[in-house]
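# Coordinates in review
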Amino acid sequence: MSLPEASVSVVIPTHNRGDALARAVTSIQAQTVAPAEIIVVDDGSTDGSAERIRTEFPRVRVVRQSNLGVSAARNAGIRSSNGELVAFLDSDDEWLPRKLERQLDALAASPDAVLCHTNEIWIRNGRRVNPMKKHRKYGGDIFEKSLPLCIISPSSSLVSRRVLDAVGYFDESL
């Protein structure tokens, strides 16, 4: 895999979030480095989310499934993707324009790295909220630090497909 030319697939799980979903897709299309594909997995929405995406964003691939939960939706997106790297974006989140560019640069600078995650900006009710100290981000070997609390937001992660294939996908029972 040659970075930053590596192909990136973006997987967006969604359930009844048409308005937020359109914002999320727009933030992906505003990236300074375009992903190879954007896949929205509609997890049984009844609000017309899939139809809206097909109309407003015809290049986005929509995968529909019955309501099986976010983990199953992410897995369906991974299975239908083709990229060497997979990025995740929750349908109520947005990316800053240089997110993929910076992550690809970081992975290129660390050839042994198989996952890259970023800081987040938290917004609640239209206001910025500062994360607590326990949510601090770490680099390097973060396994032990990740056990008591989820410190990697799926929306901030970019992961090598070979890692997903080797260790498995999201636990659909959660």
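Above this text sits the structure in question.
## Remarks on the overall build of the protein
The helix and strand inventory of the protein stands at 6 helices and 8 strands. Ordered by position from the N terminus, the helices and strands of the protein form the series β-α-β-α-β-α-β-α-β-β-β-α-β-α. Sorting the 174 residues of the protein into buried and exposed places 41% on the buried side. Put simply, 71% of the contacts in the protein that link residues at least 6 apart link residues at least 24 apart. Counting every atom, the protein has about 9,800 Å² of accessible surface; 51% of that belongs to carbon and sulfur.

## Quick look at helix α3 (residues 70-79)
Burial analysis of α3 places 8 of its 10 residues in the buried class, which makes it a mostly covered element. Of all the residues in α3, the buried ones are Ser71, Ala72, Ala73, Arg74, Asn75, Ala76, Gly77 and Ile78. Close packing links the buried residues of α3 with β1 (8-14), β2 (37-43), β3 (61-65), β4 (85-88) and α6 (161-167).

## Focus on the packing of aromatic side chains
Counted under the stated rule, the structure contains 1 aromatic pair. Considering the side-chain rings of Phe88 and Phe170, the 5.3 Å spacing of their centres and the 90° angle between planes classify their relative orientation as edge-to-face. With Phe88 in strand β4 and Phe170 in the segment after α6, this pair connects stretches of sequence that are 82 residues apart. Taking relative accessible area as the criterion, Phe170 reaches 26% and is therefore assigned partly exposed. A cation over a ring is seen here: Arg74 above Phe170, with NZ or CZ 5.1 Å from the ring centre. Cation over ring: Lys99 sits above Trp95, and NZ or CZ is 4.2 Å from the ring centre.

## Remarks on the packing of helix α1 (residues 18-29) against helix α2 (residues 49-56)
Running from N to C, α1 and α2 point in directions that differ by 35°, and their axes come no closer than 9 Å. In this structure, the crossing between α1 and α2 has a hand that is right-handed. In this structure, α1 uses Gly18, Asp19, Leu21, Ala22 and Val25 to contact α2, whose residues at the interface are Ser49, Arg52, Ile53 and Glu56. For the contact of α1 with α2, the class distribution of residues is 4 nonpolar, 2 polar and 3 charged.

## Things to note about the pattern of salt bridges
On inspection of all chains with the given rule, the structure shows 10 salt bridges. As a salt-bridge pair, Glu37 and Arg61 come within 2.3 Å of each other at their nearest N and O atoms. Of the two residues, Glu37 is situated in strand β2 and Arg61 in strand β3; the sequence distance between them amounts to 24 residues. The structure contains a network of salt bridges with shared partners spanning Asp19, Arg52 and Glu56.

Rules used throughout
Residues numbered from 1 in each chain as written. Predicted model: local features only at pLDDT ≥ 70, side-chain atom pairs only at ≥ 80, totals over all residues. Heavy atoms only, no water. Helix = DSSP H or I, 4+ residues; strand = E, 2+ residues; numbered from the N terminus. Buried < 20%, exposed > 50% of the residue type's maximum accessible area, 1.4 Å probe, protein only. Contact = heavy atoms within 4.5 Å. Areas by Shrake-Rupley, 256 points an atom, 1.4 Å probe, with all protein chains shown as cover. Phe/Tyr/Trp six-rings, centres within 6.5 Å; stacked < 30°, edge-to-face > 60°. Lys NZ or Arg CZ within 6 Å of the ring centre and 35° of its normal. Axes fitted to C-alpha atoms, helices over the stretch in contact; angles between N-to-C directions. Left-handed = near helix turned anticlockwise from the far one by under 90°. Nonpolar A, V, L, I, M, F, W, Y, C, P; charged D, E, K, R; others polar. Salt bridge = Lys/Arg side-chain N within 4 Å of Asp/Glu carboxyl O.

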